[in-house]
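Each chain is listed here by its residues.
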Amino acid sequence: MSSSTLPLSTAAVLSGSAGFAAELAPVLNPARTSEVVGWYAQASVEVVDDVVRAAAAAAPLWDALGALERGRLMAAAATALEHGIDERAELLTREQGKVLWESRLDVGGAPRLLDYYAGLAATLDTEEVVHDERGTTVIRRVPIGPTVVIVPWNYPVYLCMMVLAPALAAGNPVIVKPSELAPLALTETLAILARHLPPGVVNVVPGTGPAAGAALVGHPLVRKVLFTGGTQTGRSVLRGAAENITSVSLELGGNDPAVILESAVVDDQLIREIRRSVYTCTGQVCFNIKRLYVHRSRYDEFVEQFKSAVDEIVVGDGLHPESTIGPLNNRRQWESVTALIAETERQGGTVDVLGRAHPEARWNDGHFMLPSVITGVGHEASVVGCEQFGPTVPILPFDDEDEAVRMANDTEFGLAASVWSSDIDHALALGRRIEAGSVFVNSHRVGSSDMTMPFGGMKRSGLGRNHGMWAIDECSELQALSHRLDTASFPGPPTH
Ligand code: NAD
């Protein structure tokens, strides 16, 4: 099956429908926008309804299999997904833009996450039974029902599987709406997964957010929406879910601060770790470092070393092995970061444009941008207050830690943060004062959080928590099944 026909045919196959006529829209390569990498179908409201009904019909069977059997099927799918990672990673780089090692990490997350939740599923069939002098109560975890997964374009496979795998383990059929900006590698991944599960359990609805996404969110048979994307879209999703009182979990944007304390050792390791955290995926990761606060006593040495490390970055096609970062994913993102940098300069900031273009990069045919470092701005500058989602970062000095904590918390976001110091206890103590769902000490990267830690945002960075049993809880209902001999401890109205 060629990638150019996959989204349409996969959606038809996965939904169990015989096929549907739909308009096709192209997926363009961000490194050479004249290249069409594939096509996605724009599902209509009728198709959305058809797919949701197929998922709802599959729900009782998937639940009745029991968690142990669900886990067994998921583990088999994980084994199948170990094959073809390189091919799907290359497809992801061509549609998303990021460098190959990152695409492998993204695509390779699918089998790892499925396998992890397959293992966790083995523990889910047990019920808590309480016998006491008043009778018996059974506390049951039950599936919540058809679950919609709405996916962004930056880490499409990993971020989808991070919420989809626990939803499946908990007994829910899923309907995935990939991002129209990177749907292909994810759809291929879901097609392989779907082949290992009963029909109707894994479904894909391709299409745009305002059309297919909104129709899914507002569908009366959908009981749960697991949304990952921007905060503004998250608001629309909450509004759309309100009519049917549909449960929503949100993984939204971030404006992650990193606080480098006076006690930090500014060495090569620290500089490279922070560089990686800022520029991974060309700055387009929800919990990349978005602003740096450095103690004034270390400020000059930090800025000098950081700039010289950023200057090593090579920007090019993600398929070129020498590229350190790829292009931005889409024109709108490129324009938004370009405008933000121009505004920073108008506000008096210094923007040092660093790094170099790969000699084979087709600069004018892609959404390429050299990395930059911003100094000379105050805390009120636009680039400090927003989620830039691009290869640039402001560095601000601070004089005392109360000031650093105040600036770190002065944001509507609260996804992640980091504190950097050679005094770990002190850094941990400072971390308690930062309003973020995850606070890391001396690290801040994809991988700093894992299944043993809850993951999610405070404030306008999200609702709910992911990873491990926290993720299972997000897509389960609890039922109390009780037979009590004596309910007199809660007296009713007096009888005469
Ligand atoms: P986006 O909000 O534009 O789109 C996300 C998804 O929502 C896409 O599939 C899109 O089609 C869909 N969508 C758009 N409008 C919709 C609507 N009205 N109803 C239903 N669905 C709709 O986000 P993006 O540009 O794809 O991703 C970037 C954003 O995602 C950034 O803000 C980033 O911080 C955030 N993000 C957060 C996390 C996290 O875990 N917290 C992870 C990755 C990305």
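To keep things clear, this report deals only with the structure shown in the data block. (Residues numbered from 1 in each chain as written. Predicted model: local features only at pLDDT ≥ 70, side-chain atom pairs only at ≥ 80, totals over all residues. Heavy atoms only, no water.)

**Structural notes on unusual backbone geometry**
1) Next: If you check the backbone angles, Phe389 has positive phi at about 50° while not being a glycine.
2) Next: On the secondary structure map, Phe389 appears in the loop between helix H13 (382-385) and strand E16 (392-398).
3) Next: Note on Phe389: relative accessible area 12%, which makes it buried.
4) Next: Here the phi dihedral of Asn442 falls at roughly 60°; this positive angle occurs in a residue that is not glycine.
5) Next: Assignment of secondary structure puts Asn442 in the loop between strand E18 (438-441) and strand E19 (462-463). (Helix = DSSP H or I, 4+ residues; strand = E, 2+ residues; numbered from the N terminus. Buried < 20%, exposed > 50% of the residue type's maximum accessible area, 1.4 Å probe, protein only.)

**A short note on the sheet that holds strand E4 (residues 135-143)**
1) Next: Sheet architecture is open: 3 strands sit in the order E3-E4-E20, paired in antiparallel fashion. Strands at the two margins of the open sheet, each flanked by one partner only, are strand E3 (128-132) and strand E20 (476-484). Between one strand axis and the next, the sheet turns by 15° as a mean value, whatever way the strands run.
2) Next: Looking at chain direction, E3 and E4 are connected through 5 bridges and run antiparallel. Note that in E4 the partner of Val129 across the bridge is Val138. (Pairing = 2+ DSSP bridges. Axes fitted to C-alpha atoms, helices over the stretch in contact; angles between N-to-C directions.)

**Describing the packing of helix H10 (residues 268-279) against helix H11 (residues 296-310)**
1) Next: It is at 10 Å that the axes of H10 and H11 come closest, and there the two elements cross at 60°. One way to sum up the angle between H10 and H11 is to call them oblique. Handedness of the crossing formed by H10 with H11: right-handed. Contacts from Leu270, Ile271, Ile274, Arg275, Val278 and Tyr279 of H10 reach H11 at Phe302, Gln305, Phe306, Ala309 and Val310.
2) Next: Each residue belonging to the contact of H10 with H11 can be placed in one class, and the counts come to 9 nonpolar, 1 polar and 1 charged. (Parallel < 35°, antiparallel > 145°, perpendicular 65-115°, else oblique. Left-handed = near helix turned anticlockwise from the far one by under 90°. Contact = heavy atoms within 4.5 Å. Nonpolar A, V, L, I, M, F, W, Y, C, P; charged D, E, K, R; others polar.)

**Quick look at the environment of Val351**
1) Next: Here Val351 shows up in strand E13 (residues 350-353).
2) Next: Sequence spacing of Val351 and His196 is 155 residues, and the spatial spacing of their C-alpha atoms is 51 Å.
3) Next: Not counting residues up to four positions away in its chain, the partners in contact with Val351 are Ile341, Thr344, Glu345, Ser372, Val373 and Ile374.

**Here we look at the site of the ligand**
1) Next: Of all residues adjacent to the ligand, which total 29 residues, the nearest are Lys177, Glu180, Thr233, Leu252 and Glu387.
2) Next: Within the contact set of the ligand, a nitrogen atom lies 2.7 Å away from a backbone nitrogen or oxygen of Leu252.
3) Next: Separating an oxygen atom of the ligand from a side-chain N or O atom of Glu387 is a distance of 2.4 Å.
4) Next: Coverage of the ligand by the protein amounts to 89% of the 850 Å² it exposes when considered alone.
5) Next: Mapped onto the shell around the ligand, the elements with two or more residues apiece are helix H8 (209-217), strand E8 (224-228) and helix H9 (231-242).
6) Next: Top element by residues in the shell around the ligand is H8. It accounts for 4 residues.
7) Next: Considering only residue class, the shell around the ligand consists of 15 nonpolar, 10 polar and 4 charged. (Near = heavy atom within 4 Å. Polar contact = N/O pair within 3.5 Å; in protein donor to acceptor, adjacent residues only side chain to side chain. Areas by Shrake-Rupley, 256 points an atom, 1.4 Å probe, with all protein chains shown as cover.)

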